[in-house]
Number of protein chains: 4
Amino acid sequence: MDIQPSTHKQPTKQTRSKLGEKLEKGQEGNDSLSRRKGKTRGVRRGTRADYLHNGSFHESVGPVLVIAQWFGLMPVRGILAVNAKSLKFSWVSFRTCYSVVYVILTSIDTGLTMNMVFRGAMEVKNISPLVFHVNALLVAICFLRLAVKWPQLMLKWQRVERQLPPHQMWRDREALALRVHKVTFVLITLALTEHLLSVVSGIHFAIHCSPNSDPIKSFFIAVSPHTFLIFNYSTWLAWCGKLLNVLNTFGWSYMDVFLMIIGLGLSSLFGQVQNSLNRVKGKTMPEAYWTRTRLQYRLICDLIEQVDGVVSGMIMLSFANNLFFVCIQLLKSINKMPSISHFVYFYASLSFLLGRTLAVSLYLSEVNDRSREPLLVIKHVPREGYCAEIERFGHEVAVDKVALTGMQFFNITRGLVLAVAGTIVTYELVLIQFHEEENLWACN
Amino acid sequence: MDIQPSTHKQPTKQTRSKLGEKLEKGQEGNDSLSRRKGKTRGVRRGTRADYLHNGSFHESVGPVLVIAQWFGLMPVRGILAVNAKSLKFSWVSFRTCYSVVYVILTSIDTGLTMNMVFRGAMEVKNISPLVFHVNALLVAICFLRLAVKWPQLMLKWQRVERQLPPHQMWRDREALALRVHKVTFVLITLALTEHLLSVVSGIHFAIHCSPNSDPIKSFFIAVSPHTFLIFNYSTWLAWCGKLLNVLNTFGWSYMDVFLMIIGLGLSSLFGQVQNSLNRVKGKTMPEAYWTRTRLQYRLICDLIEQVDGVVSGMIMLSFANNLFFVCIQLLKSINKMPSISHFVYFYASLSFLLGRTLAVSLYLSEVNDRSREPLLVIKHVPREGYCAEIERFGHEVAVDKVALTGMQFFNITRGLVLAVAGTIVTYELVLIQFHEEENLWACN
Amino acid sequence: MDIQPSTHKQPTKQTRSKLGEKLEKGQEGNDSLSRRKGKTRGVRRGTRADYLHNGSFHESVGPVLVIAQWFGLMPVRGILAVNAKSLKFSWVSFRTCYSVVYVILTSIDTGLTMNMVFRGAMEVKNISPLVFHVNALLVAICFLRLAVKWPQLMLKWQRVERQLPPHQMWRDREALALRVHKVTFVLITLALTEHLLSVVSGIHFAIHCSPNSDPIKSFFIAVSPHTFLIFNYSTWLAWCGKLLNVLNTFGWSYMDVFLMIIGLGLSSLFGQVQNSLNRVKGKTMPEAYWTRTRLQYRLICDLIEQVDGVVSGMIMLSFANNLFFVCIQLLKSINKMPSISHFVYFYASLSFLLGRTLAVSLYLSEVNDRSREPLLVIKHVPREGYCAEIERFGHEVAVDKVALTGMQFFNITRGLVLAVAGTIVTYELVLIQFHEEENLWACN
Amino acid sequence: MDIQPSTHKQPTKQTRSKLGEKLEKGQEGNDSLSRRKGKTRGVRRGTRADYLHNGSFHESVGPVLVIAQWFGLMPVRGILAVNAKSLKFSWVSFRTCYSVVYVILTSIDTGLTMNMVFRGAMEVKNISPLVFHVNALLVAICFLRLAVKWPQLMLKWQRVERQLPPHQMWRDREALALRVHKVTFVLITLALTEHLLSVVSGIHFAIHCSPNSDPIKSFFIAVSPHTFLIFNYSTWLAWCGKLLNVLNTFGWSYMDVFLMIIGLGLSSLFGQVQNSLNRVKGKTMPEAYWTRTRLQYRLICDLIEQVDGVVSGMIMLSFANNLFFVCIQLLKSINKMPSISHFVYFYASLSFLLGRTLAVSLYLSEVNDRSREPLLVIKHVPREGYCAEIERFGHEVAVDKVALTGMQFFNITRGLVLAVAGTIVTYELVLIQFHEEENLWACN
């Protein structure tokens, strides 16, 4: 293996002039370098896999962002382009307009809900729709702000990727995209199913509650009670309300999916470095190898910090919102269900919510887990190969807390997951105990 | 940039003799040195900004302390002088007398409240005015004790400032003063608004409760019930009571403002060092540069420890008091409000209290955040420039826990903020759940 | 003492050829090496103790696994063989079939319980048998999965043992086996006693509740209510249900015993290294000694990680289950007991449960405790003998968190034990306080 | 380096032979050395203070142990001797017999209480006397076990003291004894006052509850209800019961005093080292100085570990017991008091309990605080004087967690104090909120 830092291997002048436009300040990693060299010189034929996946995060996340754009989020252009340089954000474009309109409509909706809540009593039953709408509005705004920063962020990400040790096989290049698409597909499907169940359950409830009136109308009124508190009922307004409700619900689910994918992407970067490290486990390597690896590790940490600056607001929002609704649902869970359809929908919905919350936490905490993996290799460096650079690297890995955060208030680690789970269980136990103390010893 | 430790550049004898009186043991930083040099030699004309802001904390905090003195706190002289050496505390001065009289009056007030509380039942409703008065008394005593130590502390602070890397531009020198004044203005304005609202709400409540009697009299009695339990009602006693109430309320708010400003001042010191470090990020610097930086960092840490010794009691008091009243307000929040004016005042007051508590925590925790920033530069030191001094510096930064504390029982960090917020939310959830479990599934 | 790494002392060719078959890649430690040398050359007579205990974990745990196999767990062959190489797992064997049948029956039982629970109200009284059955099913599956990986794991374990410093005396070799057998004996005996008490208490309760009907039949119905909800009562079905109930109960207790033994085994490895270290406390040793010790320590850490990968699911299961039943029992504890036999059984059962939970935690946390012991010796290394290897070793021990985990969500340390105990006590206090606030001051 | 104590100044052969008997392995520090030299040669006149205090912990703690022996605790001989070598424990001595009789009587008392508790309902009101008696029994047993180990422990402690840097002035030598006696006097006095108040309050309560019967008899019955449940009332039995009650109550208070004194003694050892360090702050010292200081620090850490092994059970007992009674008292605090004498006694007793608990925590946590102080000096070592030994010392101080523990489950630090206080406050808030939610907005 070539252990010289990639930075020392300068492309020849000829290549340089051709690549110049693409490289800018960042330096290409060996893999893309050799591949592109091949392409420009025509020496090596590109295989199918070569063109399908270059293993970059930008490429993997493209189709996922397309879905977001259908629902009015992330109005950025060039998300399906091969190179992150094609990404552009402009305030004057159809996508951006769509997003802005969506934000405005959601704001109006939130205003109407606020009006409804303050007219009623200050109770949890009333607060929960307000939280839902405020959350939807914040999600839309977050994605709009993210879209502005996305092109710069992806360029930086691409530059980091190119300086990491190259993938050894095309399978490795494919792996990230596969995982990202799998996660997206599973979660979006579940979210849609859950929403369909909610519609069915809602209509059923409408029939159950007011058996004489039109169930569809009752259902629509139940979906947008804040609208029909002010306006008279009209079918098109009802459909608009429902459509907005769908978009809002999707935005909430999508944010969780998006965060998981960010987690996946960042931990795959550590994976690339780790693969290179694992190949030299227990071997004596020159100091230059360790300097290079340390710099690569540092690059990833810097990227994580930058990404965290952009998404940590979303993380906070996602955690706060998910935990709020978990608590609300648990509070409901100890009440008697009015019908079997409610029972089924309720537990399906609660399971989905819990599972999604857990999944977001675990995917995000993987970044922290993987950031500590180099220690495993460092500890096995033989005495002869142990040098000052390794000590510095080992010290930095051991002392640093590399993790995504919730607005820098908490680090997302596996320990946090337990703490949150413990809190929820305690809460549920306290709830149960105030309903269950009697009759435990009675004969059946 | 001149990377020699400022300590090696001795002023010439001439300058020295002129500066001698001012310098004492401490050594001037480059900026003030050159500025003063300029002044003495007349080579360089002073601009307006030059004279307006020397960037010292003493100068920035001056106007804020003037406000405090209007309300009987911080009776120290020379707060508006250019040099911290002019600060003096004397027991025999008008300001000190004013403060002492205020302390005595507050003590009497507290005694009367205690009498009232012990006559009634031991309930939260009764305890809360006692906590308010005891707090006001402790605030007054804290500021009196602080005034005694303030001149020494500011001298030390000024000496530290002069050994730090000089500000590069006059804008940097202005920045601290601007932030301090902005924070003070916003918070004092909000506090006054909140107090006005409380008066309006109080009068409204007086009318609501006893529609037949004189609302002004009812209001004054409600403000000082402990006084009129013993003395007969008289207008001048009522006005005295209200005046003392205003001073007490202001003292509470002011303490929070003061703590924020301390936090701002200390983190700006780290900022000065960090600015110098950022300029050499990724460059190879001689070992002497790192020694100097480490010593500057150490100076700041020592100053923080000294400041903490003086203000950690106030921090404890502020946190305990704010949290107590947050809990009391949340407890009230689940009760039915008697009128709309109460509703508005109540939520405005609660929001202000929560916001202020959060702001104090965040400004104080910034000290801890900024103390860790040098690590970002140290990690990017290239291999060639990595020396023993950097390792020592990096180790000290990584291991040390530099933070303001609440009487050394807890460190003020961002993590603490989350812990406190989490506790409050849990408390609120428990409160709500015991009021809201029924009827969640009922038809509307 | 011979401080050369055992790896440098190569067996002679002759011995090697004879040992070749046994050694494979791993290298034998001095003890087994010399013992075997003795055996092959016939120079030294083996004493009784020599053959009884070679001090390996595989040997110590053998009889304990035999008990597991009686109850359908851990279907692996060769558990009583001298060498771990004899261990084999095969899907086609009587033991495996027995286990699989047990899993299937438990699944059916769990299904029936689920049916019963969902028919009734969602209350703790109903959920608790479901948790019991799901737990029993998961235990059976865990042990089945463990059996598949056991042979490989024990081989690795044996290889590690042979590279550690040899035991000095036959007593040391015996110690592990003695502790393992003692723990097993005590806990299995207590579990059987507790189960007998539960049967007596159950029959007593059956008589108490329905004095007219057949108490035995009532008891059997109370044991398997989920079965007789669907099937008609028949004596053989009742006995089957009871038998399965015994197996399930045993599986739960056995898992705890098994985890304790794993903890014992792993901490005894650290003990072996520590014994060697204690002999050189305060002495100056060559760097090679420290390299060897560090590598031995590393070997143990790697083994712990591997073992943790296999048993951390069980640890999670055991903790979750024990805590759930502790909470349920405490909930019951504040109710009035219907009879004295219930009182006795209830507190015996609760004490056993609490004691067992505590014992599991303590034995598992011992691994973490012992992993930090080398620091005690390192701190006493004199200045002359302090070398780079010691620094590296000390740093690794100080920074590393070596501990068994609950699915990597929490580390099992003594601190965790306190946290768990604190939570339980708080829970109990909250329970009590809502029953006890009145009448505390009344005259007797 | 010469790791011989500070000393370097070896006693001449003559002196040595005279001191030989006393010195054994341990080496005397300069102070005692020079003092004794003075005495033997008659060159220097001993002042009064010189003979009064040699500054050893053994000497300081002597009078405190005398008090313990009056109440049947710590039956060890030679506690007032100058040298710790005179300490002896023997099972056949009057003190030991007294202690054993006390243990036996307390056991019987505990048995009677247990009988009473199990006859009544399982309520907090009933459990609390049982906890009191079990605690008293455990305290007596702890001190008996401690007495056995005390002579060895004090010898070790004396040996450590003699290797530390000598006190500079006779005031320093006096300081420890003064603090120890002050703490003891204040706490014992308060405990006696509190007990007298309890007697007065008890008699008052007896009159209040049964105005017709003999108040003294009622009081005695209330003191020992468990005794008179079985035996008929007789005056001498009543007095015995009361006497035992006094001894039990004293034992509980005394354990807290004893723990504080242990904390004082251990932190004064760190203080001795720190005094020496402070004198060289900012100076360049030879490496040998740092080696010596590190070894002295190590000696203290080893001593703390040994002391912790002996007293950590007591610490656990003290914390558990104090917290239990704090919770019980808080539970009572929200009930209406039957009379004013109860009100006064109740809050005096609660304040004393809270203050004592806080004092124990703070004195014990001082050990941890002071163990970190050397870092302050190490950070100010100039670059020229920074050597490998300092790095090692600094690293050990930074990484080590030197603290007394509660059976190694928790470290006693200032952070713990806050955690405990926070828990108590939360508990009280929860208690209050379930009594106070109504009527907060009502007109007066």
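Residues numbered from 1 in each chain as written. Chains lettered and ligands numbered in written order. Predicted model: local features only at pLDDT ≥ 70, side-chain atom pairs only at ≥ 80, totals over all residues. Heavy atoms only, no water.

1. Thoughts on the overall build of chain A
The number of helices and strands found in chain A is 15 helices and 2 strands. The buried share among the 444 residues of chain A stands at 54%. By sequence separation, contacts in chain A at least 24 residues apart represent 77% of the contacts at least 6 residues apart. Total accessible area on chain A stands at roughly 20100 Å², and carbon and sulfur atoms take up 63% of it. (Helix = DSSP H or I, 4+ residues; strand = E, 2+ residues; numbered from the N terminus. Buried < 20%, exposed > 50% of the residue type's maximum accessible area, 1.4 Å probe, protein only. Contact = heavy atoms within 4.5 Å. Areas by Shrake-Rupley, 256 points an atom, 1.4 Å probe, with all protein chains shown as cover.)

2. Quick notes on the packing of aromatic side chains
Following the criterion strictly, the structure yields 84 aromatic pairs over all chains and no others. Between F143 of chain B and Y254 of chain B, the ring centres sit 5.6 Å apart and the planes meet at 50°, which makes this aromatic pair tilted. Of this pair, F143 of chain B sits in helix 6 (residues 124–163) while Y254 of chain B sits in helix 10 (residues 235–279), and the two are 111 residues apart along the sequence. The interplanar angle of 5° and the centroid separation of 4.0 Å between the aromatic rings of F57 of chain C and W157 of chain C together place this pair among those described as stacked. In this pair, F57 of chain C is assigned in helix 4 (residues 57–70) and W157 of chain C in helix 6 (residues 124–163), connecting sequence segments 100 residues apart. Residue F57 of chain C is classed as buried on the basis of its relative accessible area, which comes to 1%. Given the relative accessible area of 1%, W157 of chain C is considered buried. (Phe/Tyr/Trp six-rings, centres within 6.5 Å; stacked < 30°, edge-to-face > 60°.)

3. Remarks on the pattern of salt bridges
Residues and elements named next belong to chain C. Counted by the stated rule, this structure contains 40 salt bridges over all chains. Among the salt bridges present, the one from R298 reaches E396, with a minimum N-O distance of 2.7 Å. Placement of R298 in helix 11 (residues 287–333) and of E396 in helix 14 (residues 388–399) is noted, with a sequence separation of 98 residues between them. Each member of the pair, R298 as well as E396, carries the same accessibility label: buried. (Salt bridge = Lys/Arg side-chain N within 4 Å of Asp/Glu carboxyl O.)

4. Observations regarding a negative patch on the surface
There is a patch of like negative charges on the surface, built from E391 of chain A, E391 of chain B, E391 of chain C together with E391 of chain D. Here E391 of chain A shows up in helix 14 (residues 388–399). On the accessibility criterion, E391 of chain A (37% relative accessible area) is partly exposed. (Patch = residues over 30% accessible without salt bridge, like charges linked within 9 Å, V, L, I, M, F, W, Y side chains within 5 Å. Lys, Arg positive; Asp, Glu negative; His and termini not counted. Charge placed at Lys NZ, Arg CZ, Asp CG, Glu CD.)

5. Remarks on the nonpolar core
Counting 103 residues, the largest nonpolar core has F143, W150, Y254, F258, L266, W290 and L404 of chain A as its most contacted members. Those residues in contact with W150 of chain A that sit more than four places away from it in its chain are F57, V61, L65, M74, V76, L87, F258 and I262 of chain A. Grouped together as the second largest cluster of nonpolar side chains are 101 residues, F71, L146, L264 and L330 of chain D included. (Core = buried A, V, L, I, M, F, W, Y, C linked by side-chain atoms within 4.5 Å.)

6. A closer look at the confidence of the model for chain A
Residues at a pLDDT of 70 or more form 82% of chain A, whose mean pLDDT is 82. pLDDT under 50 marks residues 436–444 of chain A. Its contacts with residues more than four places away, or in other chains, come to 20 contacts. (pLDDT = per-residue confidence, 0-100.)

7. Description of unusual backbone geometry
Backbone geometry at M74 of chain A places phi at a positive 55°, although glycine is not the residue there. Position of M74 of chain A relative to the elements: it lies in the loop between helix 4 (57–70) and helix 5 (94–119). The exposure class assigned to M74 of chain A is buried, which follows from its relative accessible area of 0%. In the Ramachandran plot, M407 of chain D falls in the positive-phi region, its phi being about 50° despite a non-glycine side chain. Within the element layout of this structure, M407 of chain D appears in the loop between helix 14 (388–399) and helix 15 (414–436).

8. Comments concerning the packing of helix 10 of chain B against helix 12 (residues 340–371) of chain B
Residue and element names in this part refer to chain B. Viewed as axis vectors pointing N to C, helix 10 and helix 12 meet at an angle of 20°, and their least axial separation amounts to 8 Å. For the element pair helix 10 / helix 12, the angle class is roughly parallel. Note that helix 10 runs across helix 12; the crossing there is left-handed. For the pair formed by helix 10 and helix 12, the contact residues are W252, S253, D256, L259, M260, G263, L264, L266, S267, F270 and G271 on the first element and F352, L353, R356, A359, V360, Y363, L364, E366, V367, R370 and S371 on the second. Counted by class, the contact of helix 10 with helix 12 contains 13 nonpolar, 5 polar and 4 charged residues. (Axes fitted to C-alpha atoms, helices over the stretch in contact; angles between N-to-C directions. Parallel < 35°, antiparallel > 145°, perpendicular 65-115°, else oblique. Left-handed = near helix turned anticlockwise from the far one by under 90°. Nonpolar A, V, L, I, M, F, W, Y, C, P; charged D, E, K, R; others polar.)

9. Looking at a nonpolar patch on the surface
Residue and element names in this part refer to chain A. A surface patch of nonpolar side chains, amounting to about 380 Å² of accessible area, comprises M114, F118, V134, L138 and I141. Contributing elements (two or more residues each) for the nonpolar patch: helix 5 and helix 6 (124–163). Structurally, F118 is set in helix 5.

10. Brief notes about helix 4 of chain C
All names here are of chain C. With 14 residues, helix 4 extends 21 Å between its outermost C-alpha atoms, agreeing within 8% with the 20 Å of an ideal straight helix rising 1.5 Å per residue. Along helix 4, the sharpest kink reaches roughly 35°, centred on P63. Turning to helix 4, its buried residues are F57, H58, S60, V61, G62, V64, L65, I67, A68 and Q69. Among the residues trailing helix 4, G72 stands out with phi positive, at a value near 85°. (Expected span 1.5 Å × (residues − 1). Bend = angle between axes of the 7 residues up to and from the residue.)

11. Some points on helix 10 (residues 235–279) of chain C
Here helix 10 of chain C spans 65 Å end to end across 45 residues, near enough to the 66 Å set by a 1.5 Å rise per residue. The buried fraction of helix 10 of chain C is high, at 35 of 45 residues.

12. Some thoughts on the side chain of S128 of chain B
Tracing the sequence through the fold places S128 of chain B in helix 6. Beyond its immediate stretch of four places on either side in the chain, S128 of chain B contacts F324 and F325 of chain B.

13. A word on the packing of helix 7 (residues 170–209) of chain C against helix 8 (residues 215–223) of chain C
Residues and elements named next belong to chain C. Where helix 7 contacts helix 8, the two axes come as close as 8 Å, and the packing angle between them is 115°. Every pair of crossing elements has a handedness; the one defined by helix 7 and helix 8 is right-handed. Packed against helix 7, whose contacting residues are V199, G202, I203, A206 and I207, the element helix 8 presents P215, I216, S218 and F219 at the interface. Here the residues of the contact of helix 7 with helix 8 are counted per class, giving 7 nonpolar, 2 polar and no charged.

14. Some points on the side chain of R392 of chain A
If you trace the backbone, R392 of chain A turns up in helix 14. At 3.4 Å, the side chain of R392 of chain A forms a polar contact with the backbone oxygen of K379 of chain B. In contact with R392 of chain A, other than residues within four places in its own chain, are R294 of chain A together with I378, K379, H380, V381, P382, R383 and Y386 of chain B. (Polar contact = N/O pair within 3.5 Å; in protein donor to acceptor, adjacent residues only side chain to side chain.)

15. Re the environment of R173 of chain B
With respect to the secondary-structure elements, R173 of chain B resides in helix 7 (residues 170–209). For the pair R173 of chain B and H53 of chain B, spaced 120 residues apart in sequence, the C-alpha to C-alpha distance is 6.2 Å.

16. Remarks on the environment of V257 of chain C
Residue and element names in this part refer to chain C. Among the secondary structure elements, V257 is positioned in helix 10. For V257, a relative accessible area of 1% gives the class buried. When sequence neighbours within four positions are dropped, the list of residues in contact with V257 reads T184, L187 and I188.

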